[in-house]
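Each chain is listed here by its residues.
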Amino acid sequence: MIISVASGKGGTGKTTVAVNLALALSNTPVQLLDCDVEEPNAHIFLNPAIEETKPAQTLVPKVNYELCDYCGKCAPACEYNALVVVPQKEVMVFPELCHGCGLCSLVCPQDAISEEPREIGVIKKGTSGDGTIDLVYGLLNIGEVMATPLIDQVKAELNPAKTVIIDVPPGTACPVIAAVQGSDYCILVTEPTPFGLYDLKLAVEVLRVLKIPFGIVVNKAGIGDRKVYEYCENVDIPILLEIPHDKRIARCYSEGVPFANKMPEWKERFVKMMSQIEEYVYEQ
Amino acid sequence: MKQLTIISGKGGTGKTTIVGSFAVLAENKVLADCDVDAPDLHLLLHPEIIEREEFKGVKIAVMDKTLCTECGTCAETCRFNAIVLTEESDYTVNPARCEGCGACVFTCPQEALTLQERVSGYAFVSRTKYGTMAHAQLNIAEEASGKLVTAVRENARQAAEQEGCDLILIDGAPGIGCPVIASLTGVDLALIVTEPTMSGLHDLERILDVTRHFGIGSTVCINKYDINVENSKRITEFCRQRGVEVVGNIPYDPVVTEAMVAGMPVVEFSKGGVVSDAIKDVWGCIK
Ligand code: SF4
Ligand code: SF4
Ligand code: SF4
Ligand code: SF4
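All figures in this text were calculated on a predicted structure; none of them were measured in a lab.

Each value, and the rule that gives it
Residues numbered from 1 in each chain as written. Chains lettered and ligands numbered in written order. Predicted model: local features only at pLDDT ≥ 70, side-chain atom pairs only at ≥ 80, totals over all residues. Heavy atoms only, no water. Helix = DSSP H or I, 4+ residues; strand = E, 2+ residues; numbered from the N terminus. Buried < 20%, exposed > 50% of the residue type's maximum accessible area, 1.4 Å probe, protein only. Contact = heavy atoms within 4.5 Å. Buried area = accessible area lost by both parts, 1.4 Å probe. Salt bridge = Lys/Arg side-chain N within 4 Å of Asp/Glu carboxyl O. Domains from an automatic or database assignment. Polar contact = N/O pair within 3.5 Å; in protein donor to acceptor, adjacent residues only side chain to side chain. Nonpolar A, V, L, I, M, F, W, Y, C, P; charged D, E, K, R; others polar. Pairing = 2+ DSSP bridges. Axes fitted to C-alpha atoms, helices over the stretch in contact; angles between N-to-C directions. Near = heavy atom within 4 Å. Expected span 1.5 Å × (residues − 1).

### Section: the overall build of chain A
The secondary structure content of chain A amounts to 11 helices and 11 strands. For chain A, the C-alpha atoms occupy an extent of roughly 70 × 45 × 35 Å along the three principal directions. Each of the 284 residues in chain A was classed as buried or not, and the buried ones make up 59%. Across chain A, contacts joining residues at least 24 apart in sequence account for 72% of those joining residues at least 6 apart.

In structure tokens form, the structure reads like this:
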């Protein structure tokens, strides 16, 4: 079973839900994939012992000048303007623009283009401090623009024998799709505020397009207004859980402590939510 | 003309609340919401759209099934897993994954694939009671939001030139990737809004690495500083070591959410309140 935890925007408590859910399920083998590779935070709460760090790479073209005759065919083929051919001098490659699609090497009539790996980040694997959760997360290098290939590489570590929880990057763009795709269910975390509602609606659209079933966790319940609830009722989206706006919970969060560890009654609530989700998924 | 970007590393730290208030406090400026993925500034400033422009980002591969022989070459070529053979259907392009690179178009022996333009979102120029605002909405499941950010900034720049404004206030994108880099390129100052949590500190470190990498001057403001005073001290100390100035500590106050519910910038909603005063102090420091 693959459950992803997403939200239209960051800071709504997505990581809190992912981490506490993972901890609550300690009876079953759990793997947590933190796909928020721009700002991964799950490890802050889990204090994992990192067992493996490996580079994450994409491919960039490399020109063999013994073969290149400066025909100029590669540059216009590239949809991302990552190549410029300077006649009789060089073929300039702009690695930050290159998507590593491989088209230029296919196009080159002289077979002058090969590809070489370029590091865009790292993947870290470890086990949570208490030994119950396998954690895999990606860390995008500073200055890198493309999160999606790194997310794909984090997801390549997915262990289908376990209950997999995916912490999805915020937003509604490509990286979100890459992270969420293939999930059996998605938990959308929102705040009951106008910003929360607006971003929630965008996230709902994404999941409808991807045809992934979903339900809502309302975080910081009690602040704001009732519009998120009204919306969920009108369009028939289940509210799985409400986490109140509570000083103790906020305190735990600020200290990087999973609140269910301090407030064990919450473990039961997360377990209950999980059985609700399982029931739904198996019915389908 | 000066450009100021307000960013947060991750969302939810109160960045838009602060931009909304700066919109009230700053004079002779143009606003730009570069959080094109999940724009929220319009919920406070209520722009009236005067220009709407289609944004074409990456292209998309389109398959002509009447020509396709199901040979699978395209699926082998595609590096982005955008062409898959599913149980229900033959080879199809998954629009949510296609990056529009054109490699499949090149390798398909039947010429069954073409690259086509698609509208990936809209860029707007609007009127607000606080001045002109450039903003956008990226369609869901799209890439290239960095390009849309650049388009928003270009619209803002043009508006500022036309109107003789000397400041562009930019609500930056979250994260450290393409959209945030596009929100920061060439600006005069980045104001980083953080919160006193371990995650906040971690994200602050990453975003400061980004601004340093691109040589952009940064200052920091701690929002809800009193929810964990020790962490606020830790952030202040960390900033001191990095040679970054902390220009303000904004207290936690439910009035911020109340202002959001009322759809108003907090400095207008709660004139003379503690949060409003703190935001005014920050503005006084950086303007
Ligand atoms: S297509 Fe090949 S031969 Fe032609 S300019 Fe590019 S690298 Fe050189
Ligand atoms: S690999 Fe693709 S994106 Fe990179 S330079 Fe070649 S054609 Fe352009
Ligand atoms: S390569 Fe062309 S003919 Fe072959 S499966 Fe793909 S679209 Fe069809
Ligand atoms: S255009 Fe590129 S990304 Fe899209 S399906 Fe073809 S090969 Fe894949």
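### Considering the interface of chain A and chain B
If you look at the interface, chain A gives 62 residues, while chain B gives 62 residues. Per-residue buried area on chain A facing chain B is highest for E39(A), I142(A) and F195(A); these three make up 15% of the total on that side. Put simply, chain A and chain B have 4 salt bridges between them. For R97(B), the salt bridge goes to D152(A), with nearest N and O atoms at 2.9 Å.

### Side note on the domain arrangement of chain A
All names here are of chain A. Under the domain assignment used here, chain A contains domain 1 (2-47 + 129-283) and domain 2 (57-119). Between domain 1 and domain 2, the contact holds 6 residues from the first and 7 residues from the second. Taken over both partners, the interface formed by domain 1 and domain 2 buries close to 500 Å², and the fraction arising from carbon and sulfur atoms is 42%. Linking domain 1 with domain 2 are 1 salt bridge. For E144, the salt bridge identified is with R118, shortest N-O distance 2.8 Å. Here domain 1 is connected to domain 2 by 2 residue pairs in polar contact (both at pLDDT 80 or more). Considering only residue class, the side of domain 1 that touches domain 2 consists of 3 nonpolar, 2 polar and 1 charged.

### A word on the sheet that holds strand β8 (residues 119-128) of chain B
All names here are of chain B. The 9 strands are arranged β3-β8-β9-β2-β10-β1-β11-β12-β13 in an open sheet whose pairing can be described as mixed. Both outer strands of the open sheet, β3 (48-56) and β13 (245-250), are each paired with one neighbouring strand and no more. Taking the axes of each pair of neighbouring strands and ignoring which way they run, one obtains an average angle of 20° across the sheet. For strand β2 (residues 29-33) and strand β9 (residues 131-138), the ladder comprises 2 bridges, and the chain directions are parallel. The residue of β9 that forms the bridge with A32 is A134. Sheet contacts for helix α8 (residues 229-242): β11 (189-194), β12 (218-223) and β13; angle to β12, the most-contacted strand, approximately 175°.

### Considering the site of ligand 1
Residues in close proximity to ligand 1 include C68(A), D69(A), Y70(A), C71(A), G72(A), K73(A), C74(A), C108(A), P109(A), Q110(A) and I113(A), which together make up its full environment. Residues that form the shell around ligand 1 fall into these classes: 7 nonpolar, 2 polar and 2 charged.

### A word on helix α5 (residues 145-163) of chain B
Residue and element names in this part refer to chain B. The end-to-end C-alpha separation of α5 is 27 Å, in line with the 27 Å expected for 19 residues at 1.5 Å each. Every buried residue of α5 is accounted for by S145, G146, L148, V149, V152, R153, N155, A156, A159 and A160. Just downstream of α5, G164 is the residue with a positive phi angle, here 65°.

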